[in-house]
Amino acid sequence: MKETEEKKTIEPLTLKSLLALIEASAGTTMFRHLYAEVDGVEKDILEDGNLSCAFYVSGVLAIFGLIDRLHTTVSGTVTALEKAGWQKTDNLKPGCVIVWDKPRDNSHNHQHIGFYLGDETAIANSTEKKVIAKNHYTYGGEEQSSQRQILAIYSHPSLS
């Protein structure tokens, strides 16, 4: 080791790293199961990927210290986002978290959460495909009956 070796300054690029991770997560099934004991019975509380959206979003954000921990519900994830300094915005930009209402065709009766990638593309858990998948940011496209209304968009000051 050289005695005159310089110390390098390393500054993490959180937004770029976050976007790279969520882009690379497309197609993964790793957020499909979470087991818990419910009333004394072991159960997959994510129902084989049917309810994995909050687990996915909170898991990714927890990796970067942008949320406190893993969550399994949209409402719990939103509460954690707000506690961690995420703010509602109308400025949809890459890295934002989108919260959608249930589909207009009532095919599902729950809200949904995912990330905005840019170019009208979002990424979230796909109940139908049972993987993390890219989709139109309205989660159904402009003309489809399954389109979901955006309830909220959140951004974090450190991702500006």
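Located above this text is the structure these notes cover.
Residues numbered from 1 in each chain as written. Predicted model: local features only at pLDDT ≥ 70, side-chain atom pairs only at ≥ 80, totals over all residues. Heavy atoms only, no water.

1. Observations regarding the environment of Leu-18
As for its position among the elements, Leu-18 is in helix α1 (residues 14-24). Take Leu-18: its relative accessible area is 0%, and that puts it in the buried class. Along the primary structure Leu-18 and Lys-129 are separated by 111 residues, whereas in three dimensions their C-alpha atoms are 23 Å apart. Not counting residues up to four positions away in its chain, the partners in contact with Leu-18 are Val-60, Leu-61, Phe-64, Leu-66, Gly-95 and Leu-159. (Helix = DSSP H or I, 4+ residues; strand = E, 2+ residues; numbered from the N terminus. Buried < 20%, exposed > 50% of the residue type's maximum accessible area, 1.4 Å probe, protein only. Contact = heavy atoms within 4.5 Å.)

2. Considerations on the pairing of strand β1 (residues 35-38)
Note on strand geometry: in a regular strand, side chains alternate between the two faces of the sheet. Sheet analysis places β1 next to strand β2 (residues 41-44), joined by four bridges and oriented antiparallel. Among the inter-strand pairings, Ala-36 is bridged to a residue of β2, identified as Lys-43. Linkage of β1 to β2, two consecutive antiparallel strands, is achieved through a turn of two residues, within which Asp-39 is found at a positive phi near 50°. (Pairing = 2+ DSSP bridges.)

3. Side note on the pairing of strand β8 (residues 148-155)
Sheet topology places strand β3 (residues 87-88) next to β8; two bridges connect them, and they run antiparallel. Within the sheet, the bridge partner assigned to Gln-87 lies in β8 and is Ser-155. Where strand β4 (residues 97-103) meets β8, five bridges bridge the pair, whose relative direction is antiparallel. Bridging across to β8, Pro-103 finds its partner in Arg-148.

4. A word on the environment of Leu-70
Following the sequence through the fold, Leu-70 ends up in the loop between α2 (53-63) and α3 (74-83). Look at Leu-70 and you get partly exposed, because its relative accessible area is 42%. Placed 50 residues apart in sequence, Leu-70 and Glu-120 show a C-alpha to C-alpha distance of 27 Å. With residues near it in sequence (within four places) discarded, Leu-70 still touches Phe-55, Ser-58 and Gly-59.

5. Here's the deal with the side chain of Ser-155
Looking at where Ser-155 falls in the secondary structure, it is placed in strand β8. Those residues in contact with Ser-155, other than ones at most four positions away along the chain, are Gly-85, Trp-86, Gln-87, Thr-89, Lys-93 and Cys-96.

6. A word on the packing of aromatic side chains
With the rule as written, the count across this model stands at four aromatic pairs. An angle of 85° between the planes, with centres 5.7 Å apart, marks the rings of Tyr-56 and Phe-115 as edge-to-face. Of the two residues, Tyr-56 is situated in helix α2 and Phe-115 in strand β5 (residues 112-118); the sequence distance between them amounts to 59 residues. For the pair shown, Tyr-56 and Phe-115 are each scored as buried. Seen from their ring centres, Tyr-116 and Tyr-137 are 6.1 Å apart, and the 80° between their planes marks the pair as edge-to-face. Here Tyr-137 lies in the loop between β7 (131-136) and β8 and Tyr-116 lies in strand β5, a separation of 21 residues in the sequence. Accessibility expressed as a relative area gives 9% for Tyr-116, which makes it buried. Ring-pair connections join several aromatic residues into one group, and the members of that group are Phe-31, Phe-55, Tyr-56 and Phe-115. (Phe/Tyr/Trp six-rings, centres within 6.5 Å; stacked < 30°, edge-to-face > 60°.)

7. A closer look at the sheet that holds strand β6 (residues 121-126)
What the six strands build is an open sheet, ordered β3-β8-β4-β5-β6-β7; its pairing is antiparallel. Each having just a single partner strand, β3 and β7 make up the two edges of the open sheet. Bridge analysis of β5 against β6 gives four bridges, and the strand direction is antiparallel. Bridge assignment links Gly-118 to a residue of β6, and that residue is Thr-121. Relative to β5, α2 is tilted by about 55°, and along the sheet it contacts β4, β5, β6 and β7. Of the strands in this sheet, β3, β4, β5 and β8 are in contact with α3, which crosses β5 at around 55°. (Axes fitted to C-alpha atoms, helices over the stretch in contact; angles between N-to-C directions.)

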